[in-house]
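# Summary of structural features
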Amino acid sequence: MSAVLTDIRAATAGSATAPRHFLNIRDLDATTLRQILDVAAGVKAMQQGRRRPLHPAAPLAGRTLGILLSKPSTRTRVSFEVGVRQLGGDAVILTSAETQLGRGESVADTARVLSRFVDALVLRTGRTAALEDLAKWSSVPVINGLTPDSHPVQILADIMTFEEHRGPIGGRTVAWIGDGNNVASSLIEAAARFGFRLRLATPPSLAPSERVVAWARAEGADITLTDDPREAVAGADCVVTDTWVSMSDEDAAERIILLEPYRVDTALMARAAPDALFMHCLPAHIGEEVTAEVFESRASVVFDEAENRLHAQKGLLIWALCGDAWQTYGQEGER
Ligand code: CP
Ligand code: NVA
């Protein structure tokens, strides 16, 4: 690396307080993740009038979130935009086609420019290296809004949703059925951080990342890999699936053939615990990874999951942007 580049990097990255990036579940310790979900539950209760705020309702007043999207999004885009506004802040949404990124400006320069305008950045990208670069060069917090390798904000919402319905997830059993994709990787990391058993049933060629599984097992996580969906769901407290063809996948026809035996249907759900939940990050492809009967069943909490994207990410934004007092947001004030 040249001396000039080293100097620029030091000047950019060497601030006294490092930005609170959220690139992966594994980046944060179990206590911090739990506190983020506690803050999320608190701000949700306040929004719904069930809790009186300790703080004024606009912790992000005067702050702006930049939301950079180089892939389509409904939930991530709207939940971050609405969430930051509900906390008193503002949002700027940029698709890569609208920015100079789309014409080849580097992520490093984009990061250093946008850091001068906004207070945090969310990135959804088809290149994991772009997220890592953005975080390296940004002087404001960077949040992963999905890469081909992970989707950690989705998993925060999923843990919150499970616990609202069934109580603490620690010690419970979750089954993942289908493609060992980006969402599965973040769920594997969450198994290590939140202490639940995770069984993943995938075709061998679509098994989850060996690196992520090895990391989770080294952290003490109880992870089972199988190619048999029935083995994975046996007695499980929650059955999770996702699309068979992710945004970064190009081999759609081949995947659909491989994944045909991994559809979540009523017969498969019947092998899970009697009160097992069904979860899916959405968008769903009914008749592929899940039948309409399961998707619309009482076990299905998919729209609660979608709603909790809003609340969980508000907890995350408060952690990222509200300094040392962040944990006090969401706490009950005097009545
Ligand atoms: N679950 C999820 O991230 O949805 P979007 O692709 O609509 O953002
Ligand atoms: N695995 C899916 C998740 C979409 C939210 C994808 O990456 O397209």
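In this report, the structure presented in the accompanying data block is examined. (Residues numbered from 1 in each chain as written. Chains lettered and ligands numbered in written order. Predicted model: local features only at pLDDT ≥ 70, side-chain atom pairs only at ≥ 80, totals over all residues. Heavy atoms only, no water.)

For the pair helix α3 (residues 75-86) and helix α13 (residues 302-321), the least separation of the axes is 9 Å and the interaxial angle reads 50°. The angle between the axes of α3 and α13 places the two elements in the oblique class. Judged by the twist between their axes, the crossing of α3 over α13 is right-handed. Judged by residue contacts, Arg75, Thr76, Ser79, Phe80, Val82, Gly83, Val84 and Gln86 of α3 engage Ala306, Arg309, Leu310, Gln313, Lys314 and Leu317 from α13. Across the contact of α3 with α13, the residue classes break down as six nonpolar, five polar and three charged. (Axes fitted to C-alpha atoms, helices over the stretch in contact; angles between N-to-C directions. Helix = DSSP H or I, 4+ residues; strand = E, 2+ residues; numbered from the N terminus. Parallel < 35°, antiparallel > 145°, perpendicular 65-115°, else oblique. Left-handed = near helix turned anticlockwise from the far one by under 90°. Contact = heavy atoms within 4.5 Å. Nonpolar A, V, L, I, M, F, W, Y, C, P; charged D, E, K, R; others polar.)

Contacts to ligand 1 come from Ser73, Thr74, Arg75, Thr76, Arg124, His151, Gln154, Cys281, Leu282 and Arg309. In the model, an oxygen atom of ligand 1 is placed 2.8 Å from a nitrogen or oxygen of the arginine 124 side chain. Taking 260 Å² as the accessible area of ligand 1 by itself, protein coverage stands at 95%. (Near = heavy atom within 4 Å. Polar contact = N/O pair within 3.5 Å; in protein donor to acceptor, adjacent residues only side chain to side chain. Areas by Shrake-Rupley, 256 points an atom, 1.4 Å probe, with all protein chains shown as cover.)

What follows deals with the site of ligand 2. In the vicinity of ligand 2, the contacting residues are Leu146, Asn181, Asn182, Asp242, Thr243, Ser246, Met247 and Leu282. At a separation of 2.7 Å, a nitrogen atom of ligand 2 approaches a polar side-chain atom of aspartate 242. Across the complex, the protein chains shield 93% of the 270 Å² of accessible surface that ligand 2 would expose by itself.

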